[in-house]
Amino acid sequence: MKRIIAEDNPTLIGYNEKAFAQKLHYDQQDPFLAAEIFRQNRTLMTVILRNLPEPAFARFGTHNERGRMTLADMVALYVRHLEHHMGFLRHKRQLLGKPL
């Protein structure tokens, strides 16, 4: 999102989420620290997005797998992706007897 905001038609590169998790040892990270960093990053991005004029959401980049994506597309994608991860979190907490 930052690249679309700051650059003209940046190239956006996809990545293998499973490879990141495995090779970067996500399973060994402190979940509380990871959640706090995630929260802070999203809080900072919220401030950036709220300060943009409406036309900025039509800015775009070119994703190597998805093609042309506007800032509005990216925001929607990240919201959906967050819900995807929250589903995993809810399921894991349920298995531990700690509903979210």
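Each remark here, short or long, concerns the structure printed above.
Since this is a predicted model, take the numbers as computed values, not measurements. (Residues numbered from 1 in each chain as written. Predicted model: local features only at pLDDT ≥ 70, side-chain atom pairs only at ≥ 80, totals over all residues. Heavy atoms only, no water.)

1. A word on unusual backbone geometry
Working step 1: Residues other than glycine seldom take positive phi values, yet Asn9 does so here, at roughly 45 degrees.
Working step 2: With a relative accessible area of 39%, Asn9 lands in the partly exposed category.
Working step 3: Residue His25 is not a glycine yet carries a positive backbone phi of 55 degrees.
Working step 4: Along the chain, His25 falls in the loop between α2 (17-23) and α3 (31-50). (Buried < 20%, exposed > 50% of the residue type's maximum accessible area, 1.4 Å probe, protein only. Helix = DSSP H or I, 4+ residues; strand = E, 2+ residues; numbered from the N terminus.)

2. Regarding the pattern of salt bridges
Working step 1: Taken as a whole, this structure holds 4 salt bridges when the rule is applied.
Working step 2: Between Arg39 and Glu36 there is a salt bridge, with its nearest N and O atoms 2.6 Å apart. In this pair, Arg39 and Glu36 are both assigned in helix α3, 3 residues apart and thus about one turn of the helix distant. (Salt bridge = Lys/Arg side-chain N within 4 Å of Asp/Glu carboxyl O.)

3. Observations regarding the packing of aromatic side chains
Working step 1: A full pass over the atoms with the stated rule returns 1 aromatic pair.
Working step 2: Arranged with centres 4.8 Å apart and planes meeting at 40 degrees, the rings of Tyr15 and Phe20 form a pair that is tilted.
Working step 3: Over the face of the ring belonging to Phe60 we find Arg68, whose NZ or CZ atom lies 3.5 Å from the ring centre. (Phe/Tyr/Trp six-rings, centres within 6.5 Å; stacked < 30°, edge-to-face > 60°. Lys NZ or Arg CZ within 6 Å of the ring centre and 35° of its normal.)

4. Observations concerning the nonpolar core
Working step 1: Counting residues in hydrophobic clusters, the biggest one holds 10 residues: Met1, Ile4, Leu12, Met45, Leu49, Phe57, Met69, Leu71, Met74 and Leu77.
Working step 2: Listing elements by their share of this core, those giving two or more residues are α3 and α4 (71-95).
Working step 3: Ranked by residues supplied to this core, first place goes to α4 with 3 residues.
Working step 4: Sequence-distant contacts of Met74, that is, excluding residues within four places in its chain, are made with Met1, Ile4, Leu12 and Met69. (Core = buried A, V, L, I, M, F, W, Y, C linked by side-chain atoms within 4.5 Å. Contact = heavy atoms within 4.5 Å.)

5. Some points on the environment of Lys23
Working step 1: Locating Lys23 in the fold gives a position in helix α2.
Working step 2: Each C-alpha atom, one on Lys23 and one on Leu52, is 36 Å from the other, the two residues being 29 residues apart in sequence.

6. Here we look at the pairing of strand β3 (residues 67-70)
Working step 1: As judged from the 4 bridges shared by strand β2 (residues 60-63) and β3, these two strands associate in the antiparallel manner. The partner of Thr62 across the bridge, within β3, is Arg68.
Working step 2: Between β2 and β3, which pair antiparallel and follow one another directly, the connecting turn spans 3 residues. (Pairing = 2+ DSSP bridges.)

7. Brief notes about α4
Working step 1: Its 25 residues place the ends of α4 36 Å apart at the C-alpha level, agreeing with the 36 Å of an ideal helix rising 1.5 Å per residue.
Working step 2: Along α4, the positions that sit buried rather than exposed are Leu71, Met74 and Leu77.
Working step 3: Buried positions along α4 lie against α1 (2-6), β1 (11-12), α3 and β3.
Working step 4: Looking one or two residues beyond α4, the residue adopting positive phi is Gly97, at roughly 75 degrees. (Expected span 1.5 Å × (residues − 1).)

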